[in-house]
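# Structural overview
Chain by chain, the residues run as shown.
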Amino acid sequence: MTSPPVTSQQTTELITGIAELTTQADDRERLLDAALVIENGRIAWIGSAADAPAADRRTDVGGRAALPGWVDTHSHLLFAGDRAAEFEARMAGQRYEAGGINTTVRATRAATEEQLVANALRLRLEAESQGTTFLETKTGYGLDLESEVRSARAAATVADVVTYLGAHVVPQGHDRRDYLDLVTGPMLAAVAPYVSYIDAFCEAGAFDVEETREVLLAGRAAGLGLRVHGNQLGFSGGVRLAVELGAASVDHCNHLEAADIDALAQSTTVATLLPACDLSTREPFPPARALLDAGASIALATNCNPGSSYTTSMPFCVSTAVLQMGLTIDEAIWAATRGAAQAVGRERGPDAVGSLQVGGLADLQVLDAPAVAHLAYRPGVPLTHAVWRRGVRPGVGGRPV
Ligand code: NIG
């Protein structure tokens, strides 16, 4: 798996003028009047501005708030075309169904690999300009061997983590059993070099619990981690299966029974919630408050895709989670950074993301606001002032924006 290339920084950079620094370290502390030093793409020092050491370069952010870059762990960026007409019909009362996926499959198969990469890169840069520094994306709009491999290969050049979603739906014109054999056999073997997770859409109109189990077990046997699209449109059983198999994440979770919430709370599986998708599909929001109160871990992600959630904006997801799902500011920001890192197995270790700690990656953002509360206090206002990914500001020695 390759991450997008970045140029490592050889000099030290002191960032000062941080009115409020949210580190998302274990103590969840917010530092006031803080500073930090970046060296070789990592955080070399964090502390009070008054104690800041000298550095080769100094950037004064002028009394703004800083926090880790967003960790977006659910997107489907490998596609062509859009589905604005389907969206418009939905806003006029039509229900979202899995069938629309085939529209994007047709457009994706007709596109070249270069077009797929260009579109995905456009969206990655759009996300980055809103503070996202780590991104997962999936295959799932190819749905034949050649097209899924093309998507996986392209995804590996654009995203930090790639998930294989051959089990998105059974494509039109395919026998169900034959397609499952393809997804769990030759297609899995062919995409394996490019992906680190396997996923399946466990829902009416896509795959049932036993089919999902078969797909996930094949992926696990091939060495992949597990993710599930579960309980989005109904009580699909996907959540319980994800917990049973120890999946890293189960995503959507709109329709949960008390037993699902208990199962998640007793597990290490993260419930990844996708509020922009819920607004676009007009599904009820997941019971985020009940999940947190029960002790479950949650993440927030965009689910950027042309069908159910065409946005790259993590700030929109954070403000929606606070204003409409009952999360506190701290809970929503945690779920979009450190909690999200847990959903991709990157919460701890030298390449941990979603937190700012000495020795860790310098993936951070500065808001055009003095406090993180402004993310929900000023909803819809673009508040990203600056972003550093691996210590480099995109467009300033990093990739062009
Ligand atoms: O996560 N739910 C399944 N897959 C995507 C939507 C795909 C589409 O409608 O194109 C999702 O919402």
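Remember, predicted model here, so these are calculated numbers, not experimental data.

## Topic: the site of the ligand
- Near the ligand lie 16 residues; those nearest to it are Arg 83, Tyr 96, Tyr 141, His 168 and Ser 308.
- Within the side chain of Arg 83, a nitrogen or oxygen atom sits 2.6 Å from an oxygen atom of the ligand.
- His 168 is positioned such that a nitrogen or oxygen atom in its side chain is 2.7 Å from a nitrogen atom of the ligand.
- When the free accessible area of the ligand is taken as 320 Å², the share hidden by the protein chains comes to 100%.
- Across the shell around the ligand, the residue classes break down as five nonpolar, ten polar and one charged.

## Some details on the sheet that holds strand S4 (residues 57-68)
- Taken together, the six strands give an open sheet; going across it, the order is S3-S2-S1-S4-S13-S14, and neighbouring strands pair in mixed fashion. Looking along the sheet, the strands with just one partner apiece sit at the ends: strand S3 (42-48) and strand S14 (384-388). The mean angle between the axes of side-by-side strands here comes to 40°, regardless of whether they run parallel or antiparallel.
- Pairing of S4 with strand S13 (residues 364-367) involves three bridges; the strand directions are antiparallel. Its bridge partner lying in S13, Leu 67 is registered against Gln 365.

## Notes on the pairing of strand S11 (residues 270-273)
- Covered by surrounding structure in S11 are Val 270 and Thr 272 together with Ala 271 and Leu 273, the residues of both alternating faces.
- One ladder, built from three bridges, connects strand S10 (residues 249-252) with S11; its direction is parallel. Within S11, the position partnered with Ser 249 by the bridge is Val 270.
- Following the chain from S10 across helix H9 (residues 258-265) to the adjacent parallel S11, one finds a crossover that is right-handed.
- Across three bridges, S11 lies against strand S12 (residues 298-300) in parallel orientation. By the bridge assignment for S12, Thr 272 is matched with Ala 299.

## Re the UniProt feature "binding site: 4-imidazolone-5-propanoate" (unreviewed entry) in the protein
- UniProt's feature table lists "binding site: 4-imidazolone-5-propanoate" (unreviewed entry) at Arg 83, Tyr 141, His 168, Gln 232 and Ser 308, given in the numbering used throughout.
- Of note, Tyr 141 is situated in the loop between strand S6 (132-138) and helix H4 (145-158).
- Here Tyr 141 is in contact with His 76, Leu 78, Phe 79, Arg 83, Ile 101, Thr 104, Val 105, Thr 108, Glu 148, His 168, Asn 305 and Pro 306, once residues within four sequence places are set aside.
- By the element assignment, Ser 308 lies in the loop between S12 and helix H12 (314-325).
- Setting aside anything within four residues of it in sequence, one finds Ser 308 in contact with Arg 90, Tyr 96, Ala 276, Cys 277, Ser 280, Thr 281 and Asn 303.

## Some remarks on the domain arrangement of the protein
- Under the domain assignment used here, the protein contains domain 1 (12-69 + 354-388) and domain 2 (71-343).
- Averaged C-alpha coordinates put domain 1 and domain 2 at centres separated by 30 Å.
- Contact with domain 1, which involves 22 residues of that partner, is made by 17 residues of domain 2.
- Buried surface at the junction of domain 1 and domain 2, both sides included, amounts to about 1,600 Å², of which 60% is carbon and sulfur.
- Counting across the domain 1 and domain 2 interface gives five residue pairs in polar contact (both at pLDDT 80 or more).
- Elements supplying a minimum of two residues to the side of domain 1 that touches domain 2: S4, S13, helix H15 (374-377) and S14.
- Within the side of domain 1 that touches domain 2, the residues separate by chemical class into eleven nonpolar, seven polar and four charged.

About the criteria used
- Residues numbered from 1 in each chain as written.
- Predicted model: local features only at pLDDT ≥ 70, side-chain atom pairs only at ≥ 80, totals over all residues.
- Heavy atoms only, no water.
- Near = heavy atom within 4 Å.
- Polar contact = N/O pair within 3.5 Å; in protein donor to acceptor, adjacent residues only side chain to side chain.
- Areas by Shrake-Rupley, 256 points an atom, 1.4 Å probe, with all protein chains shown as cover.
- Nonpolar A, V, L, I, M, F, W, Y, C, P; charged D, E, K, R; others polar.
- Pairing = 2+ DSSP bridges.
- Helix = DSSP H or I, 4+ residues; strand = E, 2+ residues; numbered from the N terminus.
- Axes fitted to C-alpha atoms, helices over the stretch in contact; angles between N-to-C directions.
- Buried < 20%, exposed > 50% of the residue type's maximum accessible area, 1.4 Å probe, protein only.
- Right-handed = clockwise from strand over helix to strand, strands pointing away.
- UniProt positions renumbered as here; feature names shortened; annotations may be inferred.
- Contact = heavy atoms within 4.5 Å.
- Domains from an automatic or database assignment.
- Buried area = accessible area lost by both parts, 1.4 Å probe.

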